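# Summary of the model geometry
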Amino acid sequence: MIKLLTYLFIISLTSCVQQNANLQVSGQATLFERIGGIPVLTVVVSETIDSAAQHPKLERTFKGIKLATLKESVVNQLCVLSGGDCKYEGETMKNSHADLKITTAEFELFVQAMRDSLNRHVATREKNELLKLLAPMKRDIVHQNN
Ligand code: HEM
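Report on the accompanying structure. These numbers were taken from a predicted model, which means no experiment stands behind them.

In the vicinity of the ligand there are 21 residues, among which Ser73, Gly90, Glu91, Ser96 and Phe110 approach most closely. Within the residue set of the shell around the ligand, elements represented by two or more residues are α4 (59-62), α5 (67-81), α6 (93-97) and α7 (104-121). Among the elements that make up the shell around the ligand, the one with the highest residue count is α5 (4 residues). Looking at side-chain class alone, the shell around the ligand contains 13 nonpolar, 6 polar and 2 charged residues.

In structure tokens form, the structure reads like this:
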């Protein structure tokens, strides 16, 4: 009898462990988690915006802009976009870029600055997933007449 109970106990323990393992496999990490969360997003956004603000072809757009506030807003936006538990309270992409007259070339340079930073801090798969999420924003950010 004791032998049988021990046997049943071991079986139930094994199935418990298996269930937990399944949970870990099926409970997929979000892109936000795989990127490294807020610490990594903060570094990537900061490097991207500093690089853009210093770029000879982009600096005119960032004149007079409070970069710390902008960085905070972009971090929250990318956090939400990648599945993180944040709140983005900024404007739509259309409204926030409406007066900036951003060209396609300028958009590409900005994305390149972000790609360079992502290359330094994030794995290829996560980099491509994040850039894919940003690509559709182009039509709202680039000024219509160019
Ligand atoms: C996928 C690319 C981009 C993303 C995800 C993005 C994201 C954002 C976000 C979230 C804001 C803040 C909106 C708010 O807080 O209300 C913002 C504002 C701004 N963005 Fe972008 N942006 C992108 C491309 C660009 C490009 C290409 C430029 C210029 C070359 C640029 C220049 C600016 C500037 C100057 C502001 C501040 C506008 C203001 O405060 O009046 N952005 N962007």
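Once that is clear, we can look at the packing of helix α3 (residues 37-54) against α5. The N-to-C vectors of α3 and α5 enclose an angle of 130°; their axes lie 9 Å apart at closest approach. Between α3 and α5, the angle is such that the two are oblique. Classified by chirality, the crossing of α5 by α3 is right-handed. Facing α3, whose interface residues are Ile38, Leu41, Thr42, Val45, Ser46, Ile49 and Ala53, α5 presents Leu67, Leu70, Lys71, Val74, Val75, Leu78 and Cys79.

Procedures and definitions
- Residues numbered from 1 in each chain as written.
- Predicted model: local features only at pLDDT ≥ 70, side-chain atom pairs only at ≥ 80, totals over all residues.
- Near = placed C-beta within 6 Å.
- Helix = DSSP H or I, 4+ residues; strand = E, 2+ residues; numbered from the N terminus.
- Nonpolar A, V, L, I, M, F, W, Y, C, P; charged D, E, K, R; others polar.
- Axes fitted to C-alpha atoms, helices over the stretch in contact; angles between N-to-C directions.
- Parallel < 35°, antiparallel > 145°, perpendicular 65-115°, else oblique.
- Left-handed = near helix turned anticlockwise from the far one by under 90°.
- Contact = placed C-beta atoms within 7 Å.

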